[in-house]
Amino acid sequence: MGLTGKKILIGISGSIAAYKIILLVRQLTQSDALVKVVMTKAAVDFVSPLVLSTLSRQKVLSDLSEGDAWANHVELGRWADLMVIAPLSCNTLAKMATGLCDNLLMAVYLSATCPVMVCPAMDEDMWHHPATRDNLKRLSSWGVQIVPVGNGSLASGLVGEGRMAEPEQIFDLIVSQVSLKSTGALQGKKVLVTAGPTYEPIDPVRFIGNHSSGKMGIALANELKTQGAEVHLILGPSTAPDPAGMQVVRVRTALEMFEATKAIFDECDIAVMTAAVADFRPAKPLESKYKKQAGKAPPIIELIENPDILAYCGKHKRADQISVGFALETNDAIKNAQKKLITKSANIIVLNSLQDKGAGFGVDTNKVTLLTDRQQIMPLALMSKPEVAKAIVNAINEYLT
């Protein structure tokens, strides 16, 4: 797994999701990583320090001092190859964003010289609160890697966004972060990635869109960055914070995404088009909100075709550029993907089928088949999106060599 001897510092804040970290620590130590754990006082109420110290084979720390001994937070912050705060509660997030240092975990974070990864966990309303969004953006702007939350059952009994990523997903991201960051397989390559949906306005309130979350594209952008590429991410409407360590351009419509792509494409070695771009847009969006009136027929919306961004890249690419496209199919999947490979002049098509359980929009896993213009068809098993991203980037590396 590439974790032998790697030093991982786990920070645990007060959240019911803390119990999952037992599994993460076990996975890390079984992969021969060196693990130390720091907890807040609130976290101790949710998971036993005794269990974590037994699994990590290290004393778990939660106080700045104990008796006449001082917990050297500066040493801890400099010890690790990677610091992972999981779960990241709304309270600890706010402290990180403002630099409030009132416990050992915050003292270690503020002293850390290694990369920092955080795994938020909170209720849906807290996750979507403007204060939370601003705090996440601030952390992201400082280079903190933010692991996307899942959508599922929450401690409140609600079902929605805010669920911490599963231990297996966090483990995969840790492996990717610490074992591949020095390989530089794509060192010197400039890569363009498009991700997320586009929203095509009907009026100032309503739009035509789709259910894409942008998770797959963001996972790919992170993996490309991990393998040494200079990444330029063009991201459609998404609740995900901007990934750290890359240039991010936020867009809303297909036309905006097309213009942003044209502006950077010629400078790039690789273009990875994961965005779920709307094929059509309203020809004449209304300038004010349409009002429903009794007895009046609903408006007829005339649609016109949006630019085909993948086809543009295929048509205008140089011999030394490659383009990678995505295809989401509901029937005749392989046949339609092969057709897209040819008509869009792509080098690689990543095929999603909505017939596959666990694949498609809004979920944390994916199952894809890779098709290349060298007549290769490579089906992959159902995996987490970071794992799928790694497999796709590896396929791009193989194609280049």
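Reading the values: the criteria
Residues numbered from 1 in each chain as written. Predicted model: local features only at pLDDT ≥ 70, side-chain atom pairs only at ≥ 80, totals over all residues. Heavy atoms only, no water. Helix = DSSP H or I, 4+ residues; strand = E, 2+ residues; numbered from the N terminus. Rg over C-alpha atoms; globule rule 2.2 N^0.38 Å. Buried < 20%, exposed > 50% of the residue type's maximum accessible area, 1.4 Å probe, protein only. Contact = heavy atoms within 4.5 Å. Areas by Shrake-Rupley, 256 points an atom, 1.4 Å probe, with all protein chains shown as cover. Pairing = 2+ DSSP bridges. Axes fitted to C-alpha atoms, helices over the stretch in contact; angles between N-to-C directions. Parallel < 35°, antiparallel > 145°, perpendicular 65-115°, else oblique. Left-handed = near helix turned anticlockwise from the far one by under 90°. Nonpolar A, V, L, I, M, F, W, Y, C, P; charged D, E, K, R; others polar. Phe/Tyr/Trp six-rings, centres within 6.5 Å; stacked < 30°, edge-to-face > 60°.

Peer 1: Can you help me understand the overall build of the chain in this one?
Peer 2: Scanning the chain for helices and strands turns up 14 helices and 23 strands. Relative to the compact-globule value of 21 Å for 401 residues, the chain shows a C-alpha radius of gyration of 23 Å, a close match. Overall, the chain is about 75 × 60 × 35 Å in size when its C-alpha atoms are taken along their principal axes. The buried share of the chain, taken over its 401 residues, is 52%. Looking at the chain alone, contacts between residues at least 24 apart form 69% of all its contacts between residues at least 6 apart. Just so you have it, the chain exposes about 18,700 Å², and 52% of that area is on carbon and sulfur atoms.

Peer 1: Teacher, can you tell me more about the pairing of strand β9 (residues 159-163) here?
Peer 2: Regular strands place their side chains on alternate faces of the sheet. The pairing of strand β8 (residues 150-153) with β9 spans four bridges and is classified as antiparallel. The residue bridging glycine 152 from the neighbouring strand is glycine 160, located in β9. Here β8 folds back onto β9 in antiparallel fashion, the turn holding five residues, of which glycine 157 has a positive phi close to 100°.

Peer 1: Mind showing me how you'd approach unusual backbone geometry here?
Peer 2: With omega at -5°, the peptide bond leading from alanine 86 into proline 87 counts as cis. Despite not being glycine, arginine 57 has its phi angle at roughly 60°, a positive value. Its place among the elements puts arginine 57 in the loop between α3 (49-56) and β3 (65-66). The backbone of serine 345 shows a phi angle near 55°, a positive value even though the residue is not glycine.

Peer 1: It is not clear to me how the packing of helix α5 (residues 90-98) against helix α6 (residues 104-111) should be interpreted in this structure. Could you clarify?
Peer 2: Any two packed helices are characterised by how steeply their axes cross, that is the angle between the axes, and by the distance between the axes. It is at 11 Å that the axes of α5 and α6 come closest, and there the two elements cross at 40°. Here α5 lies oblique to α6, going by the angle between them. Handedness of the crossing formed by α5 with α6: right-handed. Facing Thr92, Lys95 and Met96 of α5, the residues of α6 in contact are Leu105, Met106 and Tyr109. Its residues assigned to classes, the contact of α5 with α6 comprises four nonpolar, one polar and one charged.

Peer 1: Teacher, can you tell me more about the side chain of serine 238 here?
Peer 2: With respect to the secondary-structure elements, serine 238 resides in the loop between β13 (230-235) and β14 (247-250). Residues contacting serine 238, with those up to four places away along its chain left out, are Ser213 and Arg250.

Peer 1: Can you walk me through the packing of aromatic side chains in this structure?
Peer 2: Two aromatic rings are characterised by how far apart their centres lie and by the angle between their planes. Enumeration according to the criterion identifies three aromatic pairs in this entry. On the basis of an interplanar angle of 15° and a centroid distance of 3.9 Å, the ring pair of tyrosine 199 and phenylalanine 207 is categorised as stacked. Its relative accessible area of 18% is what places tyrosine 199 among the buried residues. Looking at phenylalanine 207, the relative accessible area reads 37%, which means it is partly exposed. Taken together, a centroid distance of 5.3 Å and an interplanar angle of 90° make the contact between phenylalanine 258 and tyrosine 312 edge-to-face. Linking phenylalanine 258 in helix α11 (residues 254-265) with tyrosine 312 in helix α12 (residues 309-316), this pair joins segments that are 54 residues apart in sequence.

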